[in-house]
Amino acid sequence: MPKEVDAITKLYDLILWIIPKLAKYPRTQKFLLADRIESLMLDVLELLIDAAYSKNKNVPLRSANLKLEKLRYLIRLSKDLKFINIKSYEFTARSIDAVGNSIGGWLKYSNRENI
């Protein structure tokens, strides 16, 4: 399976899983933290799709990686504020790591192609 499809599929599946969880955030955070998490995830998805259709994949992939790192911190904050339980946090963290690993592999592969 090509790396781009792998990264997009993994992130898409995570988004499907997490959106119902975000809807359960306290009202005070639903339009702040939950929306920020959802927006970041959708931004990363758009960047991965951009990379899949771009000749120069480095720019969107590096941007996606940076947004993924920001997402890691927001998910950790959600856990520390007890908006998500430890099991959900662990699943989300592992899923984000898997997407990050796929993006890293995709970056290495695209850098080899550009040599």
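Rules used throughout
Residues numbered from 1 in each chain as written. Predicted model: local features only at pLDDT ≥ 70, side-chain atom pairs only at ≥ 80, totals over all residues. Heavy atoms only, no water. Axes fitted to C-alpha atoms, helices over the stretch in contact; angles between N-to-C directions. Helix = DSSP H or I, 4+ residues; strand = E, 2+ residues; numbered from the N terminus. Parallel < 35°, antiparallel > 145°, perpendicular 65-115°, else oblique. Left-handed = near helix turned anticlockwise from the far one by under 90°. Contact = heavy atoms within 4.5 Å. pLDDT = per-residue confidence, 0-100. Polar contact = N/O pair within 3.5 Å; in protein donor to acceptor, adjacent residues only side chain to side chain. Phe/Tyr/Trp six-rings, centres within 6.5 Å; stacked < 30°, edge-to-face > 60°. Buried < 20%, exposed > 50% of the residue type's maximum accessible area, 1.4 Å probe, protein only. Lys NZ or Arg CZ within 6 Å of the ring centre and 35° of its normal. Core = buried A, V, L, I, M, F, W, Y, C linked by side-chain atoms within 4.5 Å. Salt bridge = Lys/Arg side-chain N within 4 Å of Asp/Glu carboxyl O.

Summarise the packing of helix α2 (residues 27-52) against helix α3 (residues 58-80); cite the residues concerned and give the values.
Taken N-terminus to C-terminus, the directions of α2 and α3 make an angle of 160°; their axes are 9 Å apart at the nearest point. It follows that α2 is roughly antiparallel to α3 by the angle criterion. As α2 packs across α3, the resulting crossing turns out to be left-handed. Between α2 and α3, the contacting residues are Leu33, Arg36, Ile37, Leu40, Met41, Asp43, Val44, Leu47, Leu48, Asp50 and Ala51 on the first element and Pro60, Leu61, Ser63, Ala64, Lys67, Leu68, Lys70, Leu71, Leu74, Ile75, Leu77 and Ser78 on the second.

Before we move on, can you summarise the confidence of the model for the chain with the specific residues and values?
Of all residues in the chain, 94% have pLDDT values of 70 or greater, and the mean over the chain is 93. Per-residue pLDDT, averaged within each element of the chain, yields its smallest value for helix α1 (residues 3-22) (91) and its largest for α3 (97).

With reference to specific residues and values, describe the side chain of Ser102.
Its place among the elements puts Ser102 in helix α4 (residues 86-113). A polar side-chain atom of Ser102 sits 3.0 Å from a polar atom in the side chain of Asp6.

Any details on the packing of aromatic side chains? Residues and values, ideally.
As enumerated under the stated definition, the model contains 2 aromatic pairs in all. Their ring planes at 50° and their centres at 5.3 Å tell us that Tyr25 and Phe83 sit as a pair that is tilted. Highlighted residues: Tyr25 in the loop between α1 and α2 and Phe83 in the loop between α3 and α4, separated in sequence by 58 residues. Classification of Phe83 by relative accessible area gives partly exposed; the value is 23%. Note that Lys79 overlies the ring of Tyr89, its terminal NZ or CZ placed 5.0 Å from the centroid.

Just give me the short version of the nonpolar core, but keep the residues and values in it.
What tends to happen in soluble globular proteins is that the nonpolar side chains get buried as a cluster. Among the nonpolar cores identified, the biggest contains 30 residues, and Leu11, Ile37, Met41, Leu48, Leu71, Ile75 and Ile103 are the most heavily contacted of them. Of all the secondary structure elements, the ones that give two or more residues to this core are α1, α2, α3 and α4. Considering every element that reaches this core, the biggest residue donor is α2, with 10 residues. If we ignore the near neighbours within four places in the chain, the residues touching Ile103 are Ala7, Leu48, Leu61, Ala64, Asn65 and Leu68.

Describe the environment of Thr9, with residues and values.
Looking at the element boundaries, Thr9 is found in helix α1. A relative accessible area of 35% places Thr9 in the partly exposed class.

Can you tell me about the pattern of salt bridges, naming the residues and giving the values?
Side-chain pairing between opposite charges can occur once the charged atoms of the two side chains come close. Inspection of the entire model under this criterion finds 5 salt bridges. We note a salt bridge from Glu69 to Arg72, for which the minimum N-O separation is 2.9 Å. With Glu69 and Arg72 both in helix α3 and 3 residues apart, this pair spans about one turn of that helix. Residue classification places Arg72 among the partly exposed residues on the basis of a relative accessible area of 26%. The structure contains a network of salt bridges with shared partners spanning Glu69, Arg72 and Asp97.

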